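Reading the structure
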Amino acid sequence: MRPERAPAVRDLRWPWWLLGAGTLLAGAFARIWQLRSQMLIDDEWHAVRKLIEAGMEDIADHFGVADYSIPLTLYDRWLYEHNQLSEWAMHLPLLIAGLALLVIAPLLLRRTLELPVRVTWLGLLAVSPLLIYFSRTARPYALLALCGVLAFLALRNWVARGGRAPVWAGLYVLATCLAAWAHLLSLVFTLWPLACAALIAIAGCLDPRQREQAARVLRGSLLLGALIGGLLLIALAPPLINDWAALAGKAGANSVSGASLYRTLLMQFGITDALSLSVVLILLALGALRLWRSERFLVLSVLSAAIVGMGVIALTQPAWVQHPLVFARYATPILPWLLLLVASGLVDTVERLRKPWLTMPLVLIALIALLARGPLPTWFYWPNQFMGHALFQFDYDPAHNPYVSQLELGPISPFYTDLAKRPAGSVTLIETPARAHSNYMPDPWLQQIHHQNVKFALASPICGVGAWDEYPYTASGTRFKRMGRLEDILKGANWGADYLVLRMHPWTLPAGKAFPWPAPWPDMAACAVKVEAKLGAPIYRDESVVVFALRGAS
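The structure presented is a predicted model; accordingly, all values stated were derived computationally and were not measured. (Residues numbered from 1 in each chain as written. Predicted model: local features only at pLDDT ≥ 70, side-chain atom pairs only at ≥ 80, totals over all residues. Heavy atoms only, no water.)

**Some words on unusual backbone geometry**
- The step from Thr-432 to Pro-433 runs through a cis peptide bond, and the omega angle for that step is -10°.
- Its location among the elements puts Pro-433 in the loop between β1 (428-432) and α25 (443-450).
- The backbone of Asn-83 shows a phi angle near 55°, a positive value even though the residue is not glycine.
- With relative accessibility at 33%, the residue Asn-83 sits in the partly exposed group.
- Positive phi is not limited to glycine here, since Trp-495 has a value of about 55°. (Helix = DSSP H or I, 4+ residues; strand = E, 2+ residues; numbered from the N terminus. Buried < 20%, exposed > 50% of the residue type's maximum accessible area, 1.4 Å probe, protein only.)

See the structure below:
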């Protein structure tokens with residue numbers, strides 16, 4: 001049954017459709033723009049290193065010391081075996097999941113949510129910095145967000161039909177199992193609505209009027225739990241057995257503090273200050289009260305899952321959970337639903353003005369204000385190939401981001417400042433040695449100076465063989481567009497680049513001994529001699545870089 005709407009609101013549907021189309025396009029743009037040029041950064045490389053050294057069975061039977069998502073790594077290994085492993089191919093499944101969330105979430109609730117609430121929810125999903133980032137990274141979190149929406153909604157529909165909806169039950173099982181296979185901690189959220197359904201059914205069995213339906217829901221809940229347990233036993237028993245010591249070692253490693261929880265909430269809602277968070281939490285509470293009248297089970301399961309799920313994660317004290325981004329990533333399955341409550345509260349607030357013609361413009365203003373007060377304006381400049389770097393993702397408040405506050409970029413080579421005089425994006429550099437790790441790469445800051453495109457090259461074996469490369473140079477199934485081999489350049493390849501830049505010294509953040517490079521730096525003076533013997537004299541040289549022209553660039 002559709003919820004009641006005031007006639008004046010019903011007569012003003014077209015502005016909402018217009019806003020919905022605009023936010024959908026904006027959300028798609030934010031997820032797609034420059035994605036093909038993005039570097040794989042930090043944890044995205046866990047899967048690459050694993051798949052190069054292991055086959056399908058080994059990947060399926062382990063979590064790894066450096067965590068990788070089993071289903072995504074199996075997909076990446078399949079690409080590798082077919083010589084198709086590239087940045088775009090790795091990003092594509094998560095991009096699809098992120099785009100699907102924008103369409104599926106409001107669409108599946110079209111019969112129970114008013115159009116203004118659905119469109120406002122779409123707007124919040126579209127401009128959520130976390131959800132945008134997750135859609136642009138080769139990690140499982142965009143998939144967890146989608147599975148979280150599907151799991152909660154599927155179980156809500158199954159409960160609403162008295163446990164007589166096998167299709168919705170099957171979707172719940174599928175979404176829950178897929179999310180758990182991709183990231184084990186998702187279970188603390190996706191299993192909770194099933195626990196809620198079972199508890200409510202137990203209470204209903206005490207009421208003679210509800211006993212028959214409650215008993216059916218309780219039996220169904222136990223059956224669904226057993227089915228999920230059996231499927232997960234098949235998929236996860238081998239990695240749990242093989243890597244139990246590694247998993248146990250990561251528990252109790254770090255703890256959540258009041259300050260880190262506060263900063264996690266800021267990151268979840270894409271804001272940077274206490275006042276904005278207070279407003280958002282008030283809207284969330286108002287939205288929960290509004291939806292409670294028609295969606296009691298959904299509101300109860302969402303709010304309790306948020307509290308229980310985040311509480312369980314905090315109690316297990318997983319490694320690095322003190323960092324806001326890590327905690328926020330673990331809580332991804334519940335994030336879209338929290339944004340729904342905020343959307344409902346926002347619509348409820350503006351509708352109290354009793355001026356239907358003002359509702360949509362005020363919601364639009366609120367979305368723009370939220371976007372302006374968040375980090376997105378600092379991400380989307382041209383070119384920016386490093387949106388996954390901790391400079392942008394560690395904390396949205398620069399004052400609390402050590403990649404801003406502790407930056408010591410050091411002397412800037414005049415080569416980079418001279419490049420800034422050319423049109424942005426008109427030059428492509430290949431830099432080596434280079435590690436795509438936030439603590440070892442100055443490239444986001446350098447790109448803000450020179451405004452040109454960047455690629456990396458594996459320095460081995462030309463500069464010796466060592467851990468200064470992101471993965472072994474002998475890997476044969478990669479088709480990366482942003483990471484190649486110095487050896488191939490000396491054989492005539494240029495990958496569409498203009499200059500080869502040899503980095504003569506390592507760079508780290510924090511600088512120097514506070515955070516040393518993970519391996520001895522190669523002898524770059526000797527390496528430069530080898531490169532010069534193949535490419536000719538460098539066009540530029542100083543203490544920090546030696547630059548060679550490629551394809552006749554000057």
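Picking up where we left off.
**Considerations on α25**
- Counting buried positions along α25 gives six out of eight residues, so the element sits mostly inside the fold.
- The inward-facing, buried residues of α25 abut α22 (390-393), α23 (402-405), α24 (414-419), β1, β2 (453-458) and β4 (499-503).
- Note on α25: the residue one or two positions beyond its end, His-451, has a positive phi of about 60°. (Contact = heavy atoms within 4.5 Å.)

**Notes on the pattern of salt bridges**
- Taken as a whole and judged by the stated rule, the model has 20 salt bridges.
- Notably, a salt bridge pairs Arg-77 with Glu-81, separated by 3.0 Å at the nearest N-O pair. Here Arg-77 pairs with Glu-81, and both are found in helix α5 (residues 70-81), just four residues apart, close to one helical turn.
- Overall, Glu-81 belongs to the partly exposed group, its relative accessible area being 41%.
- Note that Lys-421 and Asp-418 form a salt bridge whose closest N and O atoms lie 3.6 Å from each other.
- For Lys-421, a relative accessible area of 70% translates into the label exposed.
- What makes Asp-418 partly exposed here is its relative accessible area of 41%.
- Each of Glu-114, Arg-290, Asp-348, Glu-351 and Arg-352 takes part in salt bridges that share partners, so that together they form one network. (Salt bridge = Lys/Arg side-chain N within 4 Å of Asp/Glu carboxyl O.)

**Section: the environment of Gly-287**
- Along the polypeptide, Gly-287 turns up in helix α16 (residues 274-292).
- A C-alpha to C-alpha distance of 29 Å links Gly-287 and Ala-180, two positions 107 residues apart in sequence.
- Apart from the residues lying within four places of it in its own chain, the contact partners of Gly-287 are Leu-341, Ser-344 and Gly-345.

**Some points on empty space enclosed by the protein**
- Counting across every chain of the model gives five cavities of 30 Å³ or more.
- Lining the largest cavity we find Gln-38, Met-39, Glu-44, His-91, Tyr-133, Arg-136, Thr-137, Trp-379, Met-387, Gly-388 and Gln-393.
- Residue composition of the lining of the largest cavity, grouped by class: four nonpolar, five polar and two charged.
- Its boundaries defined by the atoms lining it, the second largest cavity holds a volume of some 70 Å³.
- Around the second largest cavity sit Leu-124, Val-127, Ser-128, Pro-129, Phe-269, Gly-270, Leu-339, Leu-370, Leu-371 and Gly-374, which together line it.
- Listed by contribution, the elements that provide at least two residues to the lining of the second largest cavity are α7 (115-127) and α20 (356-373).
- Residue classes in the lining of the second largest cavity are distributed as seven nonpolar, three polar and no charged. (1 Å grid on protein atoms, 1.4 Å probe; cavity = no way out; pocket = protein on both sides within 12 Å on 5 of 7 lines; lining within 4 Å. Points joined across faces, edges and corners; volume = space filled by probe spheres on them. Nonpolar A, V, L, I, M, F, W, Y, C, P; charged D, E, K, R; others polar.)

**What about the sheet that holds β1?**
- Across the sheet, which stays open at both edges, the six strands sit in the order β3-β2-β1-β4-β6-β5 with mixed pairing between neighbours. A single partner strand is all that each edge strand has here, and the edge strands are β3 (483-485) and β5 (540-541).
- Here β1 runs beside β4; their pairing, made up of four bridges, is parallel. Within the sheet, the bridge partner assigned to Leu-429 lies in β4 and is Tyr-499. (Pairing = 2+ DSSP bridges.)

**Concerning the nonpolar core**
- Within the largest apolar cluster, 147 residues are counted, with the highest numbers of intra-cluster contacts made by Trp-121, Leu-155, Phe-269, Ile-334, Trp-337, Phe-456 and Phe-480.
- Among the elements that make up this core, the one with the highest residue count is helix α9 (residues 141-160) (16 residues).
- Residues within four places of Leu-155 in sequence aside, it is in contact with Tyr-172, Pro-193, Leu-194, Ala-197, Leu-224 and Phe-297.
- Counting 24 residues, the second largest nonpolar core, distinct from the first, contains Trp-468, Leu-502, Ala-519 and Cys-527. (Core = buried A, V, L, I, M, F, W, Y, C linked by side-chain atoms within 4.5 Å.)

**What to know about the packing of aromatic side chains**
- Counted according to the given criterion, the structure contains 18 aromatic pairs.
- The interplanar angle of 85° and the centroid separation of 5.7 Å between the aromatic rings of Phe-415 and Tyr-499 together place this pair among those described as edge-to-face. In this pair, Phe-415 sits in helix α24 while Tyr-499 sits in strand β4, placing the two residues 84 residues apart along the sequence. The two residues Phe-415 and Tyr-499 agree in class, both being buried. (Phe/Tyr/Trp six-rings, centres within 6.5 Å; stacked < 30°, edge-to-face > 60°.)

**Re a nonpolar patch on the surface**
- On the surface, Leu-24, Val-103 and Leu-107 cluster together into a nonpolar patch covering about 220 Å² of accessible area.
- Looking at the secondary structure, you find Val-103 in helix α6 (residues 87-108). (Patch = residues over 30% accessible without salt bridge, like charges linked within 9 Å, V, L, I, M, F, W, Y side chains within 5 Å. Areas by Shrake-Rupley, 256 points an atom, 1.4 Å probe, with all protein chains shown as cover.)

**Examining the packing of α7 against α20**
- One can describe the packing of α7 onto α20 by two numbers: an axis separation of 11 Å at closest approach and a directional angle of 15°. The angle between α7 and α20 places the two elements in the roughly parallel class. Here α7 runs over α20; the crossing is right-handed. Facing α7, whose interface residues are Thr-120, Gly-123, Leu-124 and Val-127, α20 presents Val-363, Leu-367, Leu-370 and Leu-371.
- By residue class, the composition of the contact of α7 with α20 is six nonpolar, two polar and no charged. (Axes fitted to C-alpha atoms, helices over the stretch in contact; angles between N-to-C directions. Parallel < 35°, antiparallel > 145°, perpendicular 65-115°, else oblique. Left-handed = near helix turned anticlockwise from the far one by under 90°.)

**Focus: the state of the cysteines**
- Evaluation of the coordinates by the stated rule reveals one disulfide.
- Across a sulfur-sulfur distance of 1.9 Å, Cys-463 and Cys-527 are joined as a disulfide pair. Between Cys-463 and Cys-527 the disulfide shows an S-S torsion of about -40°. By sign, it is left-handed. Taken together, the residues Cys-463 in the loop between β2 and β3 and Cys-527 in helix α27 (residues 524-535) connect sequence positions 64 residues apart. We note that Cys-463, like Cys-527, is buried.
- In this structure Cys-147 is a free cysteine whose sulfur lies 10 Å from that of Cys-177, the closest cysteine sulfur available.
- The structure places no disulfide on Cys-205, whose sulfur is separated from the nearest cysteine sulfur, that of Cys-196, by 16 Å. (Disulfide = S-S within 2.5 Å.)

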